[in-house]
Amino acid sequence: MSQSAAPNFGNDLIRIHRVITRGLQTAIQHTQDLIKDNAAADSGFLDYLAALISVLDSHHMVEDEIAFPYLQQKRLPGPYQVLVAEHKTMAHTLKKIQEWLPDLSGEAPKAQSLVEVNQALKSILGLWMGHIGREEESFSPKIAAALMGEEEHINLGRAMSQHAQQHSGPDYLVIPFILYNLNPKDRAVMMAAMPPVITQELLPGPWKEKWAAMQPYLLE
């Protein structure tokens, strides 16, 4: 197995950061378009926003409750207190966005709520970019490879995945949101780590009609 293909916490971190970064950027751009056109959000975009909120919130939870305690136990230095504080700030803003979602659709969407969502997303993105820079520098693939053996990377990744599944959802929106906010190369790596029943049966089968409305906001 090549080094790039070997399980590595640092690479996993970078991939999920790419998902969320594109999700935030896409949501900001589309809310700006809706404001300009004085239009309501369609069901696909509301699903996209709901999935973004779920993925970002569960990602921070899994870091706080699984990844950071593990890395601290391994005595890896890092700005843990700063990162956790930033997680709390973003979680507070995500909660407000969730409360505004019902105002974005229907025959008479509330324009002010749409503006509030757009501004809140921009606030998160502004904090997010510095936040992931700190994480990716402190827990880079090189640092992670030196800290843990292959089996440890696998076990940590499995524990984080299980925790994320328990605290995010629904799966039929969250999983396609994650996979199709990635470029084909990163997507293939992520899909290879998932059970075949998800990638080969559920995703293109029973789940498809449930996430199909999000497709205009996803990568091919």
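Calculation notes
- Residues numbered from 1 in each chain as written.
- Predicted model: local features only at pLDDT ≥ 70, side-chain atom pairs only at ≥ 80, totals over all residues.
- Heavy atoms only, no water.
- Helix = DSSP H or I, 4+ residues; strand = E, 2+ residues; numbered from the N terminus.
- Rg over C-alpha atoms; globule rule 2.2 N^0.38 Å.
- Buried < 20%, exposed > 50% of the residue type's maximum accessible area, 1.4 Å probe, protein only.
- Contact = heavy atoms within 4.5 Å.
- Areas by Shrake-Rupley, 256 points an atom, 1.4 Å probe, with all protein chains shown as cover.
- Lys, Arg positive; Asp, Glu negative; His and termini not counted.
- Charge placed at Lys NZ, Arg CZ, Asp CG, Glu CD.
- Axes fitted to C-alpha atoms, helices over the stretch in contact; angles between N-to-C directions.
- Parallel < 35°, antiparallel > 145°, perpendicular 65-115°, else oblique.
- Left-handed = near helix turned anticlockwise from the far one by under 90°.
- Nonpolar A, V, L, I, M, F, W, Y, C, P; charged D, E, K, R; others polar.
- Polar contact = N/O pair within 3.5 Å; in protein donor to acceptor, adjacent residues only side chain to side chain.
- Core = buried A, V, L, I, M, F, W, Y, C linked by side-chain atoms within 4.5 Å.
- Expected span 1.5 Å × (residues − 1).
- Bend = angle between axes of the 7 residues up to and from the residue.

J.: Requested: an account of the overall build of the protein chain, with residues and values cited.
T.: Within the protein chain, the secondary structure is distributed over 10 helices and zero strands. N-terminal to C-terminal, the α/β element order of the protein chain is α-α-α-α-α-α-α-α-α-α. For the protein chain, whose C-alpha radius of gyration is 18 Å, the value lies close to the compact-globule estimate of 17 Å for 220 residues. The 220 residues of the protein chain split such that 44% are buried. Put simply, of all contacts in the protein chain between residues at least 6 apart along the chain, 80% involve residues at least 24 apart. Carbon and sulfur atoms make up 53% of the accessible area of the protein chain, which amounts to about 11,200 Å² in all. Between the averaged position of the 18 positive side-chain charges in the protein chain and that of its 25 negative side-chain charges there is a distance of 4 Å.

J.: So what's going on with the packing of helix H1 (residues 9–37) against helix H4 (residues 111–138)? Which residues, and what values?
T.: When two helices pack together, you describe them by how their axes are tilted relative to each other and by the distance separating the axes. The geometry of H1 relative to H4 is characterised by a closest axis approach of 9 Å and an angle of 160° between their N-to-C directions. One way to sum up the angle between H1 and H4 is to call them roughly antiparallel. The hand of the H1/H4 crossing is left-handed. Among the residues forming the contact of H1 with H4, the class breakdown is 17 nonpolar, six polar and three charged.

J.: Now, about the side chain of Glu-135: what can you tell me, with residues and values included?
T.: In this fold, Glu-135 is placed in helix H4. Polar contacts involving the side chain of Glu-135 include one to the side chain of His-17, which spans 2.8 Å. Ignoring sequence-local partners within four residues, the contact set of Glu-135 consists of Leu-13, His-17, His-59, Glu-63, Phe-68, Leu-83, His-87 and Ser-140.

J.: Before we move on, could you go through the nonpolar core and cite the residues and values that matter?
T.: Within the largest apolar cluster, 48 residues are counted, with the highest numbers of intra-cluster contacts made by Ile-97, Leu-121 and Phe-177. When contributions to this core are tallied by element, the ones reaching two or more residues are H1, helix H2 (43–73), helix H3 (80–100), H4 and helix H7 (171–179). Here this core gets nine residues from one element, more than from any other, and that element is H2. Sequence-distant contacts of Ile-97, that is, excluding residues within four places in its chain, are made with Ile-53, Val-117, Ala-120, Leu-121 and Ile-124. Membership of the second largest hydrophobic core comes to 14 residues, among which are Leu-13, Phe-68, Leu-71 and Phe-139.

J.: Break down the environment of Ala-164 for me, with residues and values.
T.: Along the chain, the position of Ala-164 falls in helix H6 (residues 150–166). Judged by relative accessible area, which is 21%, Ala-164 ranks as partly exposed. Once the C-alpha coordinates of Ala-164 and Asp-57 are considered, the two residues, 107 residues apart in sequence, prove to be 9.3 Å apart. Excluding anything up to four places from it in sequence, Ala-164 contacts Ser-58 and Val-62.

J.: Outline H4, supporting the account with residue identities and numerical values.
T.: The end-to-end C-alpha distance of H4, which contains 28 residues, comes to 41 Å, matching closely the 40 Å that a straight helix rising 1.5 Å per residue would cover. At Trp-128, H4 shows its maximal bend, which comes to roughly 25°.

J.: Report on the packing of H2 against H7, specifying residues and quantitative values.
T.: With their axes 9 Å apart at the nearest point, H2 and H7 run at an angle of 85° to one another. Classified by the angle between their axes, H2 and H7 sit roughly perpendicular to one another. Touching Asp-47, Tyr-48, Ala-51, Leu-52, Ser-54 and Val-55 of H2 are Leu-173, Val-174, Phe-177 and Ile-178, all from H7.

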